[in-house]
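In case you want the letters, here they are:
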Amino acid sequence: MLPNDDIRARLGLRPVINVSGTMTSLGASIVVPQAIETVASVLGQWTEMSDLQRMASRTIARLTGSEAGCVTASCSAGITLAVAAAMTGSDLAAIERLPDTGGLRNEVVVQAGHLVSYGAPIDQAIRLSGAKVVPVGQATSAYAYQLAGAITENTAAAVYVVSHHVVEYGQIPLANFIATAHAKGVPVIVDAASEYDLTGFLAAGADVVLYSGHKFLGGPTSGIIAGSKALVRAAYLQNLGIGRGMKVGKEGIAGVIAALEAWENRDHAGIRARERKALDLWAKTLQGRPGIAARITPDPTGNPLDRLRIDIDPNIARITAWDLADRLAAGDPPIIVRDHEAEHNYLFLDPCNLHPDEEAVVARRIAEELDHAAAAPEPLVSSFAERAMRLEAGLLNWPD
C-alpha cells in the first residue's frame, strides 16, 4: 500500500521499487531533504545566475580540490561542454561558431573500450560539440603507445571514462593515460558520473572531472564540472553558444550546492550499515534455494558499496535471470532489478535507493516468483533474443 502522500498515485504512475541503482531511467536518485528544501525555496525567487554559479564554483572547489567548478544540465552535457572548452578556450567568437570547428584543434582521443552507452553513446556527447572522436586501441586492449600515436597537432582533449559499462580489463591505467596525454600537451577530461571519489581524479592529474549531481550526491538532475579555472571558465562560457540548450536552472544550481554540503555531513557509515542489512536479508532469503547462488559483490569501480549478485541455473530453478527480472518488474509492486548482464543468467540487487522497509518487500516478491517458478507446470524460460527485440521495439511505443 502506498503512503497517502505518495505523489505517484496522484499522477497515475507505477510505484516502482528501485534495486537497480542510480539510474536516470528511474529518476536517478532520491533527492536529499536539504536539496529539496533549497530547491523549493529558490524557485519563487529571482537571482543573478552568474553569482549563483560563482557560489557553486566555490563549493565545488572546496569539496573536490579543484580550482573552479560549475553546474550544468547533466553529466552528459558536461562531457559536451568540457570538450567544447578544450577546443575554444575563452574565445567568444569560436564559442559562437560551434559546432563549426574550422581552425580549431578538434580531435578527442578515447580508448575504444570506453566508447560505451550510458543511455546514449558517449561518442555522441563528444561529437555534439563539433569534435571528432579518435578511438585508441581495440575494445579489449589499449596501450600508452597507442594513445601517444593517436595524439596529433589537432588533438584538443583526451577523455577517460570511469563506469561499470566500460571494458574492465586491458585498458590504459588512469595514471598512464594522464601522463601520456600531458607529455603531448593534451588536457585530460574524466567522466566520473557515478563515482563517490570527489578528489582522487583531480589529485591524480586530471584537468577536468565530470560528476552527476543527481546520482550518489542526491541533488536535482544536473552535472558538475570541476577542474582548472581556465577550462571551467571556458566550459561555463559555452552557455553563450551550444551550451544554451544544456543550461541548468536556478533550482538545479542551488540544489547541487545543498547536496554537496549535505554530502560533507552525511552518515556514510550508517548508510552502509542499512544497505548491508538489506543485502543480508536478501542473501538469507535465497539461501538453500535450488538453482540459486547469491553472493555479495563490491562495486566494480571502487565505490564503497556492495550489491547482491544472484546467479540462476534455469535447469534447476526453472526460470531464467531475465524472466525473473521481467516478472518482478511486472508485479505488484513493480521491482526493477539491475539486469544489464541478464543474458549470462545473473542479475544484481542494489540497496542504495531503498525507502525504509522496502528491502522486506523485495525479499518477499523474489521468494514468491521463485516459488511460482518451482510449482509451474512448465519452466518459465523464454528466449533472450526475443526479449531483446521486444525491449527494442518497446522504445518506439512512446507515448502510447
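As shown above, the structure is provided for reference.
About the cut-offs
- Residues numbered from 1 in each chain as written.
- Predicted model: local features only at pLDDT ≥ 70, side-chain atom pairs only at ≥ 80, totals over all residues.
- Heavy atoms only, no water.
- Helix = DSSP H or I, 4+ residues; strand = E, 2+ residues; numbered from the N terminus.
- Rg over C-alpha atoms; globule rule 2.2 N^0.38 Å.
- Buried < 20%, exposed > 50% of the residue type's maximum accessible area, 1.4 Å probe, protein only.
- Contact = heavy atoms within 4.5 Å.
- Areas by Shrake-Rupley, 256 points an atom, 1.4 Å probe, with all protein chains shown as cover.
- Lys, Arg positive; Asp, Glu negative; His and termini not counted.
- Charge placed at Lys NZ, Arg CZ, Asp CG, Glu CD.
- Pairing = 2+ DSSP bridges.
- Axes fitted to C-alpha atoms, helices over the stretch in contact; angles between N-to-C directions.
- Parallel < 35°, antiparallel > 145°, perpendicular 65-115°, else oblique.
- Left-handed = near helix turned anticlockwise from the far one by under 90°.
- Nonpolar A, V, L, I, M, F, W, Y, C, P; charged D, E, K, R; others polar.
- Expected span 1.5 Å × (residues − 1).
- 1 Å grid on protein atoms, 1.4 Å probe; cavity = no way out; pocket = protein on both sides within 12 Å on 5 of 7 lines; lining within 4 Å.
- Points joined across faces, edges and corners; volume = space filled by probe spheres on them.
- Polar contact = N/O pair within 3.5 Å; in protein donor to acceptor, adjacent residues only side chain to side chain.
- Patch = residues over 30% accessible without salt bridge, like charges linked within 9 Å, V, L, I, M, F, W, Y side chains within 5 Å.
- Salt bridge = Lys/Arg side-chain N within 4 Å of Asp/Glu carboxyl O.

Q: How should I be thinking about the overall build of the protein in this particular structure?
A: Secondary structure assignment for the protein yields 16 helices and 12 strands. Taking 2.2 N^0.38 as the reference for a compact globule, 400 residues should give roughly 21 Å; the C-alpha atoms of the protein span a radius of gyration of 23 Å, in line with that estimate. Dimensions of the protein, computed from C-alpha atoms along their principal axes, come out at roughly 70 × 50 × 45 Å. Scored against the burial criterion, the 400 residues of the protein give a buried share of 50%. By sequence separation, contacts in the protein at least 24 residues apart represent 71% of the contacts at least 6 residues apart. Looking at the protein as shown, the accessible area adds up to about 19000 Å², and 55% of this sits on carbon and sulfur atoms. Positive and negative side-chain charges in the protein, numbering 34 and 44 respectively, have mean positions lying 2 Å apart.

Q: I tried to follow the sheet that holds strand 6 (residues 188-191) on my own but got confused; where do I start?
A: Hydrogen bonds between backbone groups are what pair the strands of a sheet, and the pairing can be parallel or antiparallel. Spatial ordering of the open sheet is given by 2-8-7-6-5-3-4, a layout of 7 strands whose pairing is mixed. For this open sheet the edge positions go to strand 2 (68-72) and strand 4 (132-136), each flanked by a neighbour on one side alone. Neighbour to neighbour, the strand axes of the sheet diverge by 25° on average, direction disregarded. By the bridge criterion, 4 bridges tie strand 5 (residues 155-161) to strand 6 in an arrangement that is parallel. Within strand 6, the position partnered with A158 by the bridge is V188.

Q: I'm lost on the sheet that holds strand 9 (residues 292-298) in this one. Help?
A: Spatially, 9-10-12 is the arrangement adopted by the 3 strands of the open sheet, whose pairing is antiparallel. Single-partner strands in this sheet number two, and they are strand 9 and strand 12 (346-349). Taking each pair of neighbouring strands and ignoring which way they run, the sheet shows an average axis angle of 25°. Looking at chain direction, strand 9 and strand 10 (residues 306-312) are connected through 7 bridges and run antiparallel. Across the sheet, residue I292 finds its bridge partner in strand 10, namely I312. Along the sheet face, helix 12 (residues 268-286) touches strand 9, strand 10 and strand 12 and points at about 15° away from the line of strand 10.

Q: Quick question: what am I supposed to make of the packing of helix 2 (residues 33-43) against helix 11 (residues 250-265) here?
A: Helix 11 packs onto helix 2 with a crossing angle of 150° between their chain directions and a minimal axis gap of 8 Å. Our classification of the angle between helix 2 and helix 11 gives roughly antiparallel. For the element pair helix 2 and helix 11, the recorded crossing hand is right-handed. From helix 2, Q34, A35, T38, V39, V42 and L43 reach across to helix 11, where they touch K250, E251, A254, G255, A258, A259 and A262. Looking at the contact of helix 2 with helix 11 residue by residue, the class counts come to 8 nonpolar, 3 polar and 2 charged.

Q: What exactly am I supposed to notice about the packing of helix 4 (residues 75-88) against helix 10 (residues 229-237) here?
A: Two packed helices can be described by the angle between their axes and the distance between those axes. Look at helix 4 against helix 10: their axes get within 8 Å of each other, and the N-to-C directions meet at 115°. It follows from the interaxial angle that helix 4 and helix 10 lie roughly perpendicular. The element helix 4 and its partner helix 10 pack so that their crossing is right-handed. For the pair helix 4 and helix 10, contact is made by L81, A85 and A86 and by L231, A234 and A235, respectively. Of the residues assigned to the contact of helix 4 with helix 10, the class counts are 6 nonpolar, no polar and no charged.

Q: So what exactly am I meant to see when it comes to the pairing of strand 8 (residues 223-227) here?
A: Regular strands place their side chains on alternate faces of the sheet. Buried residues dominate strand 8, accounting for 5 of its 5 residues. What you see with strand 8 is no split at all: G223, I225 and G227 on one side and I224 and A226 on the other are buried throughout.

Q: What exactly am I supposed to notice about helix 12 here?
A: When the terminal C-alpha atoms of helix 12 are compared, their 27 Å separation across 19 residues agrees well with the 27 Å that a helix rising 1.5 Å per residue should span. Residues of helix 12 that are buried include every one of G270, R272, E275, A278, L279, W282 and L286, and no others. Where the residues of helix 12 are buried, they touch strand 1 (17-19), strand 9, strand 10, strand 12 and helix 15 (358-375). In the segment just after helix 12, G288 is the residue with positive phi, at about 80°.

Q: What exactly am I supposed to notice about empty space enclosed by the protein here?
A: Empty pockets left among the atoms are what a rolling probe the size of a water molecule brings to light. Enumeration over the complete set of coordinates arrives at 1 cavity of 30 Å³ or more. A193, S194, E195, Y211, S212, F216 and L217 are the residues that line the largest cavity. Each residue belonging to the lining of the largest cavity can be placed in one class, and the counts come to 4 nonpolar, 2 polar and 1 charged.

Q: Any chance you could explain the pairing of strand 2 here in plain terms?
A: Burial of strand 2 is extensive: 5 of the 5 residues sit out of reach of the surface. Residues of strand 2 alternate between two faces, with A68, C70 and T72 on one and G69 and V71 on the opposite face, all of them buried. Both strand 2 and strand 8 contribute to a ladder of 5 bridges, which runs antiparallel. In the sheet register, C70 faces strand 8, and the bridge partner there is I225.

Q: Got a minute to help me understand the environment of M49 in this structure?
A: Note that M49 resides in helix 3 (residues 49-64). With 327 residues separating them in the primary sequence, M49 and A376 have C-alpha atoms 60 Å apart. Beyond its immediate chain neighbours, meaning those up to four positions away, M49 contacts V248, G249, K250 and I253.

Q: Would you explain the environment of S383 in this entry?
A: Residue placement: S383 occurs in the loop between helix 15 and helix 16 (384-394). At 3.3 Å, the side chain of S383 forms a polar contact with the backbone nitrogen of A385.

Q: Is there a simple way to explain a nonpolar patch on the surface in this structure?
A: Together, I7, L11 and L13 give the surface a local cluster of nonpolar side chains, amounting to about 300 Å² of exposed area. Position of L11 relative to the elements: it lies in helix 1 (residues 7-11).

The values reported here are purely geometric and, on their own, carry no functional implication.
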